[in-house]
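What follows is the residue order along each chain.
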Amino acid sequence: MFLTSLLRILLTRSFKPFVFEGTYKNSLDFETLEDLGLYVHIPFCRSLCSFCPYCKEKYDKGKADSYKIALLKEIDLACENMTGKKQATSLYFGGGTPALMINDLEDIICKLKEHFIINGGIGVELHPSDITMDILQKLKAAGVTMVSLGVQSFNGDCLQKLGRAPDSFVEKLHLVRDAGFDVVDVDLIFAIPGQTDEILAKDIETAFKNGATQISTYPFIDFTFADNEYKPMPEEVKKKMLKNLTGYCRSINVERTSVWTFAKHDTEKYSSVTRDAFLGFGVSATTLLKDIFKINTFSIEEYIKRVNGHSLPTSLTLNFTKRQRAVYYLFWSSYSMKINADKFKKMIGTPLSEMYGLEITFAEKAGILKRNGSTYELTDKAAYIYHYIEQVYTTAYIDKMWNISRNIAFPDRIVLK
Ligand code: SF4
């Protein structure tokens, strides 16, 4: 908490906290933005995993049908003032378990294509137990080019500690590999109690040997509202595991593509989080534009009601000061281990060197940043610092925000200090 406050004060040059207000605008200003990603949240799962903090409920066909209708309305509402079709860099379906609405995905994609030209890939998160030939064929037919499999671990003991049932993950991965997607991502969690570097290395090896083109590793984080029987290993163990898994990936000739992701060379890369700006649809979906960050209500019932009343389902909005927006930009760029000074200037309106010249000089001297033309590349040393800050930020900000949002559909305001 102290660290996030200190960083916020230093980087925004202000004691002003991040204030999310319950008041909202019924129109969004995104038409002139470059590099706009799209995100759709499907909040249904067959069963609920104890470690998972995301917004989801047990699947119910009637509810899912009503949700789809509301989702299509939200897309139309958000886009009703557009003057023409807008270019979008990518589309990602997360959840929850999007495959539970497999017969609706094509309609949702078609609705988005009424308003956007999607230039990059279309990605979908998949729970391994939902992978069948039929599902994969439907995804291909809908234009999906990237899938992300929530494996978490191939190791039975680690799965049990996460409260997850084992499945025939390798066979499922083969099915996905043979279906021929451009990107096959496998999610793996590290720092699960009892997990060793060897077990983790084996997980990574198994993923790549059986069809993954990239892996996304995440440290096990114990959200206050999760129901974890086992707790994550201590921070120093997490850091050591990240260091060792990075070394292992390099030893098998796999490149680091962000703080926590690693990919085979010469393959398409995909990240659901590194966008300069994005529009999110569905419950709990977030939207990041030039001047605002907003979050939709977490309540499916209230979401449907609000949209049916011809209003956006926004629950909280942060109206950025210029420096706050710059900090957001730097935070998410840093995750991809690259900060592009030209893009920064385009988004923020002031050169990076003018706003953060002192910090950059210090970071270069400390071996945290390396300049390469107009891009600053984060070193491995920086990745460990980021890994730590991201977890502190998750605990201090995201945990608090999600915890309140899970209980109150439309909070008056949330102040993050
Ligand atoms: S981990 Fe995946 S399947 Fe489990 S509750 Fe979370 S979203 Fe649902």
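The structure this text deals with has already been given above.
Being a predicted model, the structure only gives us computed values, none of them experimental.

1. Thoughts on the overall build of the protein chain
A tally of helices and strands in the protein chain yields 13 helices and 21 strands. Over its C-alpha trace the protein chain gives a radius of gyration of 21 Å, about what one expects of a compact globule, namely 22 Å for 417 residues. Along the three orthogonal principal directions, the C-alpha set of the protein chain runs to about 55 × 45 × 40 Å. Counting across all 417 residues of the protein chain, residues that qualify as buried make up 56%. Contacts spanning at least 24 positions in sequence make up 73% of the contacts within the protein chain whose residues lie at least 6 apart. Accessible area for the protein chain stands at about 18000 Å²; split by element, carbon and sulfur atoms hold 54% of it. In the protein chain, 52 side chains carry a positive charge and 50 a negative one; their mean positions are 4 Å apart.

2. As for the site of the ligand
All residues in the neighbourhood of the ligand are listed as Cys45, Leu48, Cys49, Phe51, Cys52, Lys56, Gly96, Thr97, His127 and Arg164. Classifying every residue of the shell around the ligand gives five nonpolar, three polar and two charged.

3. Quick look at the side chain of Asn228
Within the secondary structure, Asn228 is located in the loop between β11 (214-219) and α8 (235-251). The class of Asn228 is buried, set by a relative accessible area of 8%. Those residues within four positions of Asn228 in sequence are excluded, and the remaining contacts are Ser50, Phe51, Phe220, Ile221 and Asp222.

4. A look at the packing of helix α7 (residues 197-209) against α8
Between α7 and α8, the shortest axis-to-axis distance is 10 Å and the interhelical angle comes to 40 degrees. By the angle class used here, α7 and α8 are oblique. The chirality of how α7 crosses α8 is right-handed. When α7 is examined against α8, the residues Asp197, Leu200, Ala201, Ile204 and Glu205 are found in contact with a partner set consisting of Lys240, Met241, Asn244, Leu245, Tyr248 and Cys249.

5. What about the pattern of salt bridges?
Tallied over the entire structure, the rule returns 23 salt bridges. Residue Asp65 pairs with Lys61 through a salt bridge whose shortest N-O separation is 2.9 Å. Highlighted residues: Asp65 and Lys61, both in helix α2 (residues 61-79), separated by four residues, approximately one helical turn. Accessibility expressed as a relative area gives 32% for Asp65, which makes it partly exposed. Three or more residues are tied together by salt bridges with common partners; here these are Glu57, Lys63 and Glu301.

6. Quick word on the sheet that holds strand β18 (residues 338-340)
The strand order β18-β20-β19 describes an open sheet built from three strands, whose pairing is antiparallel. At either end of the open sheet lies a strand with only one pairing partner, and these are β18 and β19 (369-372). On average, each strand axis in the sheet is tilted by 25 degrees relative to the strand beside it, whichever way the strands run. Here β18 runs beside strand β20 (residues 375-378); their pairing, made up of three bridges, is antiparallel. Across the sheet, the residue bridging to Asn340 is Thr375, located in β20. In the packing of helix α10 (residues 322-335) onto the sheet, contacts are made with β18 and β20, and the angle to β18 comes to roughly 135 degrees. Helix α11 (residues 341-348) contacts β18 and β20 of the sheet and is inclined by roughly 60 degrees relative to β18.

7. Observations regarding the packing of aromatic side chains
Here the distance between the centres and the angle between the planes together describe a pair of aromatic rings. The final tally for this structure, using the stated rule, is 19 aromatic pairs. Between Phe18 and Tyr397, the ring centres sit 5.9 Å apart and the planes meet at 85 degrees, which makes this aromatic pair edge-to-face. Linking Phe18 in strand β1 (residues 18-21) with Tyr397 in helix α13 (residues 380-407), this pair joins segments that are 379 residues apart in sequence. Of the two residues, Phe18 and Tyr397, both sit in the buried class. Aromatic ring contacts, followed pair by pair, group Phe18, Phe20, Phe293, Phe320, Tyr328 and Tyr397 into a single cluster. Looking at Arg256, its charged tip hangs above the ring of Tyr384, at a distance of 5.9 Å from the centre.

What counts, and where the lines are drawn
- Residues numbered from 1 in each chain as written.
- Predicted model: local features only at pLDDT ≥ 70, side-chain atom pairs only at ≥ 80, totals over all residues.
- Heavy atoms only, no water.
- Helix = DSSP H or I, 4+ residues; strand = E, 2+ residues; numbered from the N terminus.
- Rg over C-alpha atoms; globule rule 2.2 N^0.38 Å.
- Buried < 20%, exposed > 50% of the residue type's maximum accessible area, 1.4 Å probe, protein only.
- Contact = heavy atoms within 4.5 Å.
- Areas by Shrake-Rupley, 256 points an atom, 1.4 Å probe, with all protein chains shown as cover.
- Lys, Arg positive; Asp, Glu negative; His and termini not counted.
- Charge placed at Lys NZ, Arg CZ, Asp CG, Glu CD.
- Near = heavy atom within 4 Å.
- Nonpolar A, V, L, I, M, F, W, Y, C, P; charged D, E, K, R; others polar.
- Axes fitted to C-alpha atoms, helices over the stretch in contact; angles between N-to-C directions.
- Parallel < 35°, antiparallel > 145°, perpendicular 65-115°, else oblique.
- Left-handed = near helix turned anticlockwise from the far one by under 90°.
- Salt bridge = Lys/Arg side-chain N within 4 Å of Asp/Glu carboxyl O.
- Pairing = 2+ DSSP bridges.
- Phe/Tyr/Trp six-rings, centres within 6.5 Å; stacked < 30°, edge-to-face > 60°.
- Lys NZ or Arg CZ within 6 Å of the ring centre and 35° of its normal.

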